[in-house]
Amino acid sequence: MNYMPGTASLIDDIDKKHLVLLRDGRTLIGFLRSIDQFANLVFHQTVERIHVGKKFGDIPRGIFIVRGENVVLLGEIDMDKPCDTVLQQVSIEEILEEQRLQQQAKQETEKAKVTALKDRGLSIPKADNLDEY
């Protein structure tokens, strides 16, 4: 096996099934079809996998182009290994509803945290203002 520097090392992985974790937290699964010098990726037969607790759902996305700077993790999926997951696959509608409820609960917790800090005379700067520093 010869070592190739940079994104050239991924040439051997073309046409294999991969999982990619994006910077915004999304998880994509698909067949890697193309890559360039900037690590931009093109996936085919892509699904977006959403996890909530012990449940997951796959949303078909088709052909998906990922800008290289948004990739956090890229790994090949072993198609020969049997799946021994404890996760339960559910419908798209059900997983989207679970995700909405999870995000709603997270926002309520965050509001309660901010309120508790305000009551103590503290404040958290808004995310929009952090770029000014």
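These notes cover the structure that comes with them. (Residues numbered from 1 in each chain as written. Predicted model: local features only at pLDDT ≥ 70, side-chain atom pairs only at ≥ 80, totals over all residues. Heavy atoms only, no water.)

Considering the overall build of the protein chain
Assigned secondary structure in the protein chain consists of one helix and six strands. Secondary structure of the protein chain in N-to-C order comes out as β-β-β-β-β-β-α. By the compact-globule yardstick of 14 Å for 133 residues, the protein chain is too spread out, its C-alpha radius of gyration being 19 Å. Projected onto the principal axes, the alpha-carbon positions of the protein chain cover approximately 60 × 40 × 25 Å. Counting across all 133 residues of the protein chain, residues that qualify as buried make up 20%. Of all intrachain contacts in the protein chain linking residues separated by at least 6 positions in sequence, the fraction that spans at least 24 positions is 48%. (Helix = DSSP H or I, 4+ residues; strand = E, 2+ residues; numbered from the N terminus. Rg over C-alpha atoms; globule rule 2.2 N^0.38 Å. Buried < 20%, exposed > 50% of the residue type's maximum accessible area, 1.4 Å probe, protein only. Contact = heavy atoms within 4.5 Å.)

Things to note about the pattern of salt bridges
One pass over the structure, following the stated rule, counts eight salt bridges. We note a salt bridge from Glu 94 to Lys 55, for which the minimum N-O separation is 3.4 Å. With a gap of 39 residues between them, Glu 94 in helix α1 (residues 92-119) and Lys 55 in strand β4 (residues 55-66) connect regions that are remote in the sequence. The class for Lys 55 is partly exposed, based on a relative accessible area of 23%. We note a salt bridge from Lys 55 to Glu 98, for which the minimum N-O separation is 3.4 Å. Within this pair, whereas Lys 55 is found in strand β4, its partner Glu 98 is found in helix α1, the two being separated by 43 residues in sequence. With a relative accessible area of 27%, Glu 98 lands in the partly exposed category. Connected via shared salt-bridge partners are Lys 55, Glu 94 and Glu 98. (Salt bridge = Lys/Arg side-chain N within 4 Å of Asp/Glu carboxyl O.)

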